[in-house]
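# Architecture at a glance
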Amino acid sequence: MRFDWRALSGPALTATTALIAVSVDRYVMAIPDPAPLLVGMVALAGSLNGLAPGMISAVIAVGGCALFFLGHHVTPEPAASDLARLSLLATAVAGTAAITGLLRKKRIDMVAWERRHHATTARLSAALDEIVLLDSDTRAEFINRAFRRYFSFPDDKADGKPPFIALMYHGRDTGAYELPAEELDAFIARRTAMMRAGDSTPINIKLANKQVLRFSCTALPDGGRMLSYTPVTDLVRSTDDPAKAEYYRSLRRGGDSDRGRLDAAE
């Protein structure tokens, strides 16, 4: 139990109620048995604060009722009827504290589970918004919304399971890449070769709209491919080399040899 104001508020309210009832009955006027009111205080403590504060409130409620009953007798010894009433009260408040405390715990656990579930769903949704799935024939079985938006890829074409090479040619034909025209063929050849080989080495793709996507490929057990397009604009643009020399050199590496693979893919 956490000893903060919230955890102590239930027992404090129960103790205050019991003391007020005993004081008014002894020094002001006779009042009815406060047991029902104290049971309500215990239920409130258990529902708001949990099992432990509820049980503490239950003990306080029984003690308060015992003081109330003793104030109605000339002798300090309680009557048998009072003992029976206290026993019933103890059973009632203990059960109330247990039920309300356990219900509160179940409610809190459910809320925590829902938060974890929603967080997992959000992560999965974000992950799905960054991938393209290819079958064993390199046809796109799933094209995420982000890819369609970045490359202005129409929904009717995306839903028609286009081959990977068609995705590349679409980006070239629409001027989506931040590349000189003479670099595009080598770039497409390299991307196609990496995809077919299942090469997981990530590369950055700079788009004409100044966005940067980090591309990586994962080979799937069924022969398909999972292509990931992760936005990394802020990471890459902040360290951009205006000359872009290293970027273009990375594109040129293997460009001539990959041209043959591109022709075969076509």
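Further up the page is the structure itself.
Residues numbered from 1 in each chain as written. Predicted model: local features only at pLDDT ≥ 70, side-chain atom pairs only at ≥ 80, totals over all residues. Heavy atoms only, no water.

A word on the overall build of the protein. A count of helices and strands for the protein gives 11 helices and 5 strands. Expressed as a percentage of its 266 residues, the buried residues of the protein come to 38%. Here the contacts in the protein between residues at least 6 apart in sequence split such that 58% fall between residues at least 24 apart. Counting only carbon and sulfur atoms, one obtains 62% of the accessible surface of the protein, whose full area is about 14900 Å². (Helix = DSSP H or I, 4+ residues; strand = E, 2+ residues; numbered from the N terminus. Buried < 20%, exposed > 50% of the residue type's maximum accessible area, 1.4 Å probe, protein only. Contact = heavy atoms within 4.5 Å. Areas by Shrake-Rupley, 256 points an atom, 1.4 Å probe, with all protein chains shown as cover.)

Below, the discussion takes up the pattern of salt bridges. For the coordinates displayed, the defined rule picks out 7 salt bridges. Salt-bridge contacts for lysine 105 lead to aspartate 109; the nearest nitrogen and oxygen are separated by 2.9 Å. Here lysine 105 pairs with aspartate 109, and both are found in helix H4 (residues 80-128), just 4 residues apart, close to one helical turn. Judged by its relative accessible area of 48%, lysine 105 falls in the partly exposed class. A salt bridge links aspartate 155 to arginine 148, with the nearest nitrogen and oxygen atoms 3.0 Å apart. Here the salt bridges do not stand alone but share partners, grouping Arg145, Arg148, Asp155 and Asp159 into one network. (Salt bridge = Lys/Arg side-chain N within 4 Å of Asp/Glu carboxyl O.)

For the rest of this paragraph, the subject is the sheet that holds strand S2 (residues 140-143). Taken in spatial order, the 5 strands line up as S2-S1-S5-S4-S3 in an open sheet, and their pairing is antiparallel. The open sheet terminates on both sides in strands that have one partner only, identified here as S2 and strand S3 (203-206). Each strand of the sheet is rotated relative to its neighbour by a mean of 20 degrees, with strand direction disregarded. In terms of strand pairing, S3 meets strand S4 (residues 212-219) through 4 bridges, oriented antiparallel. Each residue of the ladder has a partner; that of lysine 206, found in S4, is valine 212. (Pairing = 2+ DSSP bridges. Axes fitted to C-alpha atoms, helices over the stretch in contact; angles between N-to-C directions.)

Attention now moves to helix H7 (residues 164-173). Counting buried positions along H7 yields 7 of 10 residues, so the element is predominantly enclosed. Inspection of H7 places Phe164, Ile165, Leu167, Met168, Tyr169, His170 and Gly171 among the buried residues, and these make up the whole buried set. Just beyond H7, the residue with positive phi is glycine 175, at close to 65 degrees.

Our focus in this paragraph is the pairing of strand S1 (residues 131-134). Regular strands have side chains that alternate between both faces of the sheet. When S1 meets strand S5 (residues 225-231), the two strands line up antiparallel, connected through 4 bridges. Its bridge partner lying in S5, isoleucine 131 is registered against serine 228. For S1 and S2, the ladder comprises 3 bridges, and the chain directions are antiparallel. The residue of S2 that forms the bridge with leucine 133 is phenylalanine 142. Once S1 ends, the chain turns through 5 residues before running back antiparallel as S2, passing threonine 138 with a positive phi of about 60 degrees.

Keep in mind these values describe shape, not function.
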